[in-house]
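Listed below, chain by chain, are the residues.
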Amino acid sequence: MVSAAHTVLGEVAADRLGVVDAHDHLFIRSPLLPGQELDDVADAAVRLSGFGALGGGTVVQWTPYKMGRRIAELPALSRDLGVHIIAATGLHQAAHYPAELLDSVRDRLAELFLTELTEGIGDTGVRAGLIKVAGGFHGLDDHAVFTMRAAAEANRRTGAPIAVHLELGTGALDVLDLLCGQLGVAPGSVILGHLNRSPDFTVHRLAAEAGARLAFDGPSRANHATDWRMPDALRALADAGFADRLLLGGDTVTPDTPGMTYLLRRVRPRLELALGEALVEQILVTNPARAYSW
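Okay, so let's go over this structure. Along each chain, the written sequence defines residue order, and numbers are assigned to residues from 1. Owing to the predicted nature of the model, reporting of local features is limited to residues with pLDDT of at least 70; listing and counting of side-chain atom pairs is limited to 80 or more, with chain, interface and lining totals taken over all residues. Values reported for side chains reflect all heavy atoms of the structure, with hydrogen atoms and water molecules removed beforehand.

Details of the pattern of salt bridges
Salt bridge, as applied in this entry: a Lys or Arg side-chain nitrogen positioned within 4 Å of an Asp or Glu carboxyl oxygen. Applying the stated criterion across every chain, the model contains 12 salt bridges. Residue aspartate 39 pairs with arginine 70 through a salt bridge whose shortest N-O separation is 3.6 Å. With a gap of 31 residues between them, aspartate 39 in the loop between β3 (19–24) and α1 (41–53) and arginine 70 in the loop between β4 (56–61) and α2 (74–81) connect regions that are remote in the sequence. For every residue, the accessible area obtained with a 1.4 Å probe (protein chains only) is divided by the maximum for its type, and the residue is called buried under 20%, exposed over 50%, and partly exposed between those limits. Overall, aspartate 39 belongs to the partly exposed group, its relative accessible area being 31%. With a relative accessible area of 30%, arginine 70 lands in the partly exposed category. We note a salt bridge from glutamate 153 to arginine 157, for which the minimum N-O separation is 3.7 Å. Pair noted here: glutamate 153 and arginine 157 are both in helix α5 (residues 142–158), with a separation of 4 residues, about one helical turn. Under the relative-accessibility criterion, glutamate 153 is labelled partly exposed at 26%. Three or more residues are tied together by salt bridges with common partners; here these are Arg29, Asp39, Arg70 and Glu73. Helix and strand assignments follow DSSP, with helices taken as H or I runs no shorter than four residues and strands as E runs no shorter than two, numbered in order from the N terminus.

What follows is the structure, given as structure tokens:
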């Protein structure tokens, strides 16, 4: 069986994904961000078109279950604008959901993930291409543990990657202890997100040594002012032999996030000056092709 990325238009060979925004959102809504929803199809089209015009080939939407994914809109956007889109199943932190919704899926969470990965999301026929879960600030609460257990089960049965929201970039090693140490998930199937928000180079190195994939997915909202550390963090990991672990994303979560076009218009040239074009090409093209193919 040949590994392929599972996009909203079907399977795509890994070497055809092109330049990949490894963590972003075309659509997302949460009670924690009232009035800041990304829910407009025309706006999503403008952002996706701009990304494609700058040479972008694929956007990976990390928006999980019941957070305004607008799955039915994604195939037409991808087809019309010529950019691959990979959609997510999964579950975010409990604070993003009503308690009754969480109660309704508690006994069938692994099966929900599995169905969305293998059969489709709702009645759209669109299959998810990754499982999105979330840790807490410097630790894992009961909800995170429960959700990650379900994600590990779905991963065992499919091979789909597990993408992890790290709250302010923290808790990476706790996540790996649970997913890989206790639950047996292959480290290469784990993508740790938001590491740029906690520029702890020692933790980055330990996570890379464990075999996980490391996503530096900013700039994000204005309270994460760590962008200037990102080139040094990436260089330290590459120099230590972990260039193949690194991913980049725009992580557009609110209307004022610079996002996916900024990733290629500003972040890419800045990193090319600091790291060299070959390494940035590897981070944007080669590494995500491996991370999202299963």
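A few points about the sheet that holds strand β5 (residues 84–86)
One open sheet holds the 3 strands; their spatial order is β3-β4-β5, and the pairing between them is parallel. Whereas interior strands pair on both sides, the edge strands pair on one side only; in this sheet they are β3 and β5. Looking at each pair of strands side by side, their axes are set apart by 20° on average, direction ignored. At least two bridges found by DSSP between two strands are what make those strands a pair. Summarising the sheet, β3 and β4 pair through 4 bridges and their orientation is parallel. For valine 19, the partnering residue across the bridge sits in β4 and is glycine 56. Orientation is described by axes fitted as lines to C-alpha atoms, over the contacting stretch for helices, and by angles from 0 to 180 degrees between their N-to-C directions.

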